[in-house]
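Close look at the chain arrangement
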Amino acid sequence: MKKRKLELYITGKLMSALMVGRPAIFSTGGEMYHTAPVVKIHETETQAIHFETSTTHYYIKPRPFVLAVLNPHRQTLAACA
């Protein structure tokens, strides 16, 4: 019987390009993580990234733009002198 791989759902950011045979590097919660070498890349859309290593499926969702949440009504920028 084939062992099922762990699935990790992460809100974070890829820190380098995904490449089969190379570890993925991503950040989440202020920490950086390195995976085992990537064996397959499933999806690299802007709203979701899915890849797998020998033991784990990773699903990375980018963080939302924080400034829009903190002050959704502010639309002007101050000029710098």
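Below, the structure is looked at part by part.

Rules used throughout
- Residues numbered from 1 in each chain as written.
- Predicted model: local features only at pLDDT ≥ 70, side-chain atom pairs only at ≥ 80, totals over all residues.
- Heavy atoms only, no water.
- Helix = DSSP H or I, 4+ residues; strand = E, 2+ residues; numbered from the N terminus.
- Buried < 20%, exposed > 50% of the residue type's maximum accessible area, 1.4 Å probe, protein only.
- Contact = heavy atoms within 4.5 Å.
- Areas by Shrake-Rupley, 256 points an atom, 1.4 Å probe, with all protein chains shown as cover.
- Salt bridge = Lys/Arg side-chain N within 4 Å of Asp/Glu carboxyl O.
- Pairing = 2+ DSSP bridges.
- Axes fitted to C-alpha atoms, helices over the stretch in contact; angles between N-to-C directions.
- Polar contact = N/O pair within 3.5 Å; in protein donor to acceptor, adjacent residues only side chain to side chain.

1. Notes on the overall build of the protein chain
Of the regular secondary structure elements, the protein chain holds one helix and five strands. Moving toward the C terminus, one meets the helices and strands of the protein chain in the order β-β-β-β-β-α. By the burial criterion, 22% of the 81 residues in the protein chain qualify as buried. Of the contacts formed within the protein chain by residues at least 6 apart in sequence, a portion of 34% connects residues at least 24 apart. Summing over all exposed atoms, the protein chain offers an accessible surface of approximately 6,700 Å²; the carbon and sulfur share of this is 59%.

2. Points about the pattern of salt bridges
This model, assessed by the stated rule, comprises two salt bridges. Between Arg-4 and Glu-7 there is a salt bridge, with the nearest N and O atoms lying 3.7 Å from each other. Ionic pairing is found between Lys-5 and Glu-52, a salt bridge with its closest N-O pair at 2.5 Å. Of this pair, Lys-5 sits in the segment before strand S1 (6-14) while Glu-52 sits in strand S4 (residues 49-53); the two residues are 47 residues apart in sequence, bridging distant segments of the chain. Looking at Lys-5, the relative accessible area reads 24%, which means it is partly exposed. Overall, the relative accessible area of 11% leaves Glu-52 in the buried class.

3. Topic: the environment of Gly-12
Its place among the elements puts Gly-12 in strand S1. Look at Gly-12 and you get buried, because its relative accessible area is 4%. For the pair formed by Gly-12 and Pro-62, sequence separation is 50 residues and the distance between their alpha carbons is 5.1 Å. If near-sequence neighbours (up to four positions away) are discounted, Gly-12 is found in contact with Ser-27, Thr-28, Ile-60, Lys-61, Pro-62 and Arg-63.

4. Here we look at the sheet that holds S4
Strand order in the closed barrel formed by five strands is S1-S2-S3-S4-S5, with mixed pairing between adjacent strands. Ignoring which end each strand starts from, the neighbouring axes of this sheet average 55° apart. Bridging between strand S2 (residues 23-28) and strand S3 (residues 31-44) involves five bridges; their strand directions are antiparallel. Residue Phe-26 lies in a different strand from S3, and its bridge partner there is Tyr-33.

5. Focus: the side chain of His-50
By the secondary structure assignment, His-50 is in strand S4. Given the relative accessible area of 12%, His-50 is considered buried. Within the structure, the side chain of His-50 is placed 2.9 Å from the side chain of His-57, a separation counted as a polar contact. Once residues within four sequence positions are removed from consideration, His-50 is found in contact with Ile-41, His-42, Glu-43, His-57, Tyr-58 and Tyr-59.

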